[in-house]
Amino acid sequence: MTSTCAARRTRDQFRADVLAGLSRPQKRLPSKYFYDAAGSQLFDRITELPEYYPTRTELAVMREHAAAMAARCGPRCLLVELGAGSLVKVRLLLDELVAPAGYVPVDVSGEHLRGAARELAADYPGLGVHPVVADFTRPFELPPVPAARRVVYFPGSTIGNFDPAEADDLLGRVARLVGPGGGLLLGIDLRKDTAVLEPAYNDARGVTAAFNRNLLVRINRELGADFDPAAFRHRAFYNHERSRIEMHLVSAAEQRVQMGGATFVFRAGESIHTENSYKYAPAEFAQRAAACGLRADATWTDANGFFAVMHLTA
Ligand code: AVJ
């Protein structure tokens, strides 16, 4: 059955990524694997934390400027959302779009995607909803829906999880996907005081720590490893030189972890680097996007300048 094949391929890729990441001198795990069912629930709780400003700030920017954003998108546009986790945000946009040609949510999780698509289709009876199951960090194709313009919507500052070279790669692929004159509506988290940034990733209730450790729980369950999640400490800090929050899991003691036939040795204090969350200045981001074929023509931010939604044209 095709779904079983796809599930196995996904599992094999996960295993290969984990083995490769843990074999590097600075151990690494890709942050895209945070989002299993438990991880997605923990992330939802993160978005409600008093310290975690990005989600509520982006929502406020969307609420205030949805009409202007929709005007930039233009009438009869095909809206392509990367990730289907943000039904609240896309609704703000859909409510303002003039005669949208359709909505294409793109997500790796077929289950999550179908649920989200069904919910949205029920609330927008005239709207064609065409879910695409794909990992948007790799090339994928769009369904042939006639439209005046294609616009990719990429909210949540997820672009911040990409290293600069990966971000450039994604921006270039988006430019080709939407074609000349097409658009990108993008959420980016902005540079700000460390005193605001660091608590957002070190919340007092320990939800972010649980989110970070859940990656080890998932690796145990899905790949049969024997991590002791409690033997790893959550660490998050702002790296000024690279303009990014780094999240790590720090081994509390010397220990060994088995996975399949492989053994990974941890020194006391050795870390696994689990996430980068880059913070940008709007002008600097516009410059790197321009080099990838996307011209920024509108930027909306909150009064504190914490978060930006940017519209770019290919
Ligand atoms: C989903 C990319 C917005 O980088 O802020 C939240 C994920 N990691 N807390 C971010 C995350 C730790 C998050 N994004």
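What you see is a predicted model; the values in this text were computed from it and never measured.

*Asks:* I'd love a proper account of the pairing of strand S2 (residues 77–82), names of residues and values included.
*Replies:* When you tally the buried positions in S2, you get six out of six residues, the bulk of the element. The two faces of S2 match: Cys77, Leu79 and Glu81 on one face and Leu78, Val80 and Leu82 on the other face are all buried. Two strands pair when backbone bridges link them, and S2 and strand S5 (residues 149–154) are joined in this way by five bridges, in the parallel orientation. Note that in S5 the partner of Cys77 across the bridge is Arg149. Here five bridges tie S2 to strand S3 (residues 102–107), and the two strands are oriented parallel to one another. Paired with Glu81 across the bridge in S3 is Pro105.

*Asks:* Residue-level account of the site of the ligand, with values.
*Replies:* Taken together, Ile46, Pro54, Gly156, Ser157, Thr158, Gly160, Asn161, Tyr201, Thr208, Glu275 and Ser277 form the complete shell of residues around the ligand. Tallied by class, residues from the shell around the ligand come to three nonpolar, seven polar and one charged.

*Asks:* Lay out the environment of Gly83 in plain terms, naming residues and giving numbers.
*Replies:* Within the secondary structure, Gly83 is located in the loop between S2 and helix H4 (87–94). Considering only alpha carbons, one finds Gly83 and Ala122, 39 residues apart in sequence, at a separation of 19 Å. Apart from residues lying up to four places away in sequence, Gly83 is in contact with Asp107, Gly156 and Thr158.

*Asks:* Lay out the nonpolar core in plain terms, naming residues and giving numbers.
*Replies:* If you look at the biggest cluster of nonpolar residues, it comprises 52 residues, and the most contacted ones within it are Val151, Val152, Tyr153, Leu184 and Leu186. The leading source of residues in this core is helix H3 (residues 54–73), at six residues. Each residue touching Val151, except ones within four places of it in the same chain, is listed here: Cys73, Cys77, Leu79, Val80, Val178, Gly182, Gly183 and Leu185. Residues Val18, Leu29, Ala225 and Leu249 belong to the second largest nonpolar core, which totals 15 residues.

*Asks:* Outline the sheet that holds strand S13 (residues 307–313), listing residues and values.
*Replies:* One open sheet holds the seven strands; their spatial order is S4-S3-S2-S5-S6-S13-S12, and the pairing between them is mixed. The strands lining the two open edges of the sheet, one partner per strand, are strand S4 (132–133) and strand S12 (295–301). Direction of pairing for strand S6 (residues 183–189) relative to S13: antiparallel, over a ladder of seven bridges. Looking at S13, one finds that Gly183 is bridged to Thr313. Most of the contacts of helix H5 (residues 110–123) go to S3, to which it runs at about 160°, and overall it touches S3 and S4.

*Asks:* Talk me through the packing of H3 against H4; I want residue IDs and the actual numbers.
*Replies:* Where H3 meets H4, the closest approach of the two axes is 8 Å, and the angle between their N-to-C directions is 30°. With respect to H4, the axis of H3 lies roughly parallel. When the axes of H3 and H4 are compared, the crossing they make is right-handed. Contacts between H3 and H4 involve Leu59, Met62, Arg63, Ala66, Met69 and Ala70 from the first element and Val88, Lys89, Leu92 and Leu93 from the second. The residue makeup of the contact of H3 with H4, split by class, is eight nonpolar, no polar and two charged.

*Asks:* Let's hear about H3: which residues, and what values?
*Replies:* An ideal rise of 1.5 Å per residue puts 28 Å on 20 residues; H3 reaches only 23 Å between its terminal C-alpha atoms. Helix geometry: H3 is bent most strongly at His65, by close to 70°. Listed in full, the buried residues belonging to H3 are Pro54, Thr55, Thr57, Glu58, Val61, Met62, Ala66, Met69, Ala70 and Cys73. Next to the buried residues of H3 lie S2, H4, S5, S6, S12 and S13. Positive backbone phi, approximately 85°, marks Gly74, located one or two places after H3.

*Asks:* Residues and numbers for the environment of Tyr35, please.
*Replies:* Within the secondary structure, Tyr35 is located in the loop between strand S1 (27–28) and helix H2 (37–46). When the C-alpha positions of Tyr35 and Leu215 are compared, they lie 8.5 Å apart, and in sequence the two are 180 residues distant. Residues contacting Tyr35, with those up to four places away along its chain left out, are Ser40 and Phe43.

*Asks:* Explain the confidence of the model for the chain to me, using residue names and the numbers behind them.
*Replies:* Scored by pLDDT, the chain comes out at a mean of 95, with 98% of its residues at no less than 70. Listed scores for the predicted complex are pTM 0.95 and ipTM 0.98.

*Asks:* Quick one: what's the story with unusual backbone geometry, residue by residue and with numbers?
*Replies:* Even without being a glycine, Ala99 presents a positive backbone phi close to 45°. Tracing the sequence through the fold places Ala99 in the loop between H4 and S3. Even without being glycine, Ser243 reaches a positive phi, approximately 55°. Note on placement: Ser243 falls in the loop between strand S7 (232–239) and strand S8 (244–251).

Rules behind the numbers
Residues numbered from 1 in each chain as written. Predicted model: local features only at pLDDT ≥ 70, side-chain atom pairs only at ≥ 80, totals over all residues. Buried ≥ 20, exposed ≤ 12 C-beta atoms within 10 Å, placed from the backbone. Helix = DSSP H or I, 4+ residues; strand = E, 2+ residues; numbered from the N terminus. Pairing = 2+ DSSP bridges. Near = placed C-beta within 6 Å. Nonpolar A, V, L, I, M, F, W, Y, C, P; charged D, E, K, R; others polar. Contact = placed C-beta atoms within 7 Å. Core = buried A, V, L, I, M, F, W, Y, C linked by C-beta atoms within 7 Å. Axes fitted to C-alpha atoms, helices over the stretch in contact; angles between N-to-C directions. Parallel < 35°, antiparallel > 145°, perpendicular 65-115°, else oblique. Left-handed = near helix turned anticlockwise from the far one by under 90°. Expected span 1.5 Å × (residues − 1). Bend = angle between axes of the 7 residues up to and from the residue. pLDDT = per-residue confidence, 0-100.

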